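# Structural features, examined
So you can see what is in the structure, the chains are spelled out below.
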Amino acid sequence: MQPSSSSSSVFLLLLSSFSLALACNKALCASDVSKCLIQELCQCRPSDGNCSCCKECMMCLGTLWEECCDCVGMCNPKNHSDTPATAKSTVEELFRPIPSLFRALTEGEAPVNMMVVSFPVAEELSYHENLLSFLETLEDSHQNVSLPGNSIHASYDTSDKMCTVVYFDDCVSIRQCKQYCESMGGSKYRWFHNACCECVGPECVDYGSKAAKCTNCLY
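Just so it is clear, the structure is predicted and the values come from calculations on it, not from any experiment.

Quick notes on the rules
Every chain begins its residue count from 1, and numbering advances along the sequence as written. Since the coordinates come from a predicted model, pLDDT governs what is reported: local features require at least 70, and pairs of side-chain atoms require 80 or more to be given and counted, while whole-chain, interface and lining totals use all residues. Hydrogens and water are ignored here; the side-chain numbers use all heavy atoms of the structure. pLDDT expresses how confident the predictor is about each individual residue, on a scale running from 0 to 100. Only DSSP runs of H or I with at least four residues qualify as helices, and only runs of E with at least two residues qualify as strands; both kinds are numbered from the N terminus onward. The contact criterion used throughout is that any non-hydrogen atoms of two residues lie within 4.5 Å. Per-residue accessibility, obtained with a 1.4 Å probe over protein chains only, is compared with the maximum for each type, and a residue is labelled buried under 20%, exposed over 50%, and partly exposed between these values. Residues adjacent in sequence count toward polar contacts only when both atoms are side-chain atoms; beyond that, a polar contact is any pair of N or O atoms within 3.5 Å, and within protein one must be able to donate a hydrogen and the other to accept it. For this document, the term salt bridge refers to a Lys or Arg side-chain nitrogen within 4 Å of an Asp or Glu carboxyl oxygen. The disulfide criterion is simple: two cysteine sulfur atoms within 2.5 Å.

### Re the confidence of the model for the protein
- Residues at a pLDDT of 70 or more form 70% of the protein, whose mean pLDDT is 77.
- For the protein, the element scoring lowest by mean pLDDT is helix α1 (residues 5-20), at 44; strand β5 (residues 197-200) scores highest, at 96.
- Predicted confidence is poor over residues 129-139, with pLDDT under 50, and the contacts of this stretch with residues over four places away or in other chains come to 11 contacts.

In structure tokens:
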């Protein structure tokens, strides 16, 4: 059975898009970008003054727009060498955590395809305290700088407290990360911009570890 001309043109478009976008994060974007291109939602070129499909393309890529728009030629290629993707992340609190479920799933031997890591809460808060110190310095010079609330951190006893997080071995989308962490009863999640997913447990005060440790998703 011969492929239709329409299918062939879409396939060629896929190849040309990925070959032109050398900085494109293919590990993260390939699946969603392919879907949007097959649906012919990202065929216009804003750089040529044609943005007739921009909104539809953005809606199709959804939460991956920021990371993947260069893969379809909709935005300027990103210079990933400036800041490693593992140094940037998106965090969110989950609506209905189930602490007992999270603890049960992370005790003992780790489930397949994930890694459980525990570390002192004091270590988790070290970045937050450094940030407050920096902002306080700014506040001394500029009276209009407002500090984030730190009452929880000030009153929380960090002695002997351990923060437990879960890393999934493979790269996942931000939507999958949120869904996986919700299904584990997690309190929050951190999705690194290299597509590494970290589920944050109930004992953690901030957003877990700032280090991406997904064994099959480190780049």
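### Concerning the side chain of Asn194
- Position of Asn194 among the secondary structure elements: in the loop between β4 (188-192) and β5.
- A relative accessible area of 1% places Asn194 in the buried class.
- Among the polar contacts listed, one links the side chain of Asn194 to the backbone oxygen of Cys217, at a separation of 2.9 Å.

### Notes on the pattern of salt bridges
- Per the counting criterion, the structure on display carries 6 salt bridges.
- Linking Arg175 and Asp32 is a salt bridge whose minimum nitrogen-to-oxygen distance equals 2.7 Å. Here Arg175 is found in helix α8 (residues 174-183), whereas its partner Asp32 is found in helix α2 (residues 26-38), with 143 residues between them in sequence.
- Note that Lys178 and Glu92 form a salt bridge whose closest N and O atoms lie 3.0 Å from each other. Separated by 86 residues along the polypeptide, Lys178 in helix α8 and Glu92 in strand β1 (residues 89-93) bring together distant segments of the chain.
- Residue Glu92 is classed as partly exposed on the basis of its relative accessible area of 30%.
- Through salt bridges with shared partners, one network takes in Asp32, Lys35 and Arg175.

### Let's talk about the state of the cysteines
- Enumeration over the complete set of coordinates arrives at 11 disulfides.
- With a sulfur-sulfur separation of 1.9 Å, Cys163 is cross-linked through a disulfide to Cys204. Across the disulfide from Cys163 to Cys204, rotation about the S-S bond amounts to roughly 90°, and the bridge is consequently right-handed. Taken together, the residues Cys163 in strand β3 (residues 162-168) and Cys204 in the segment after β5 connect sequence positions 41 residues apart. The same class applies to Cys163 as to Cys204, namely buried.
- Two residues share a disulfide in this structure: Cys171 and Cys217, whose sulfurs sit 2.1 Å from each other. Every disulfide takes its handedness from the sign of the S-S torsion; for Cys171 and Cys217 that torsion is 105°, giving right-handed. In this pair, Cys171 sits in the loop between β3 and α8 while Cys217 sits in the segment after β5, placing the two residues 46 residues apart along the sequence.
- With a relative accessible area of 28%, Cys171 lands in the partly exposed category.
- On the accessibility criterion, Cys217 (1% relative accessible area) is buried.

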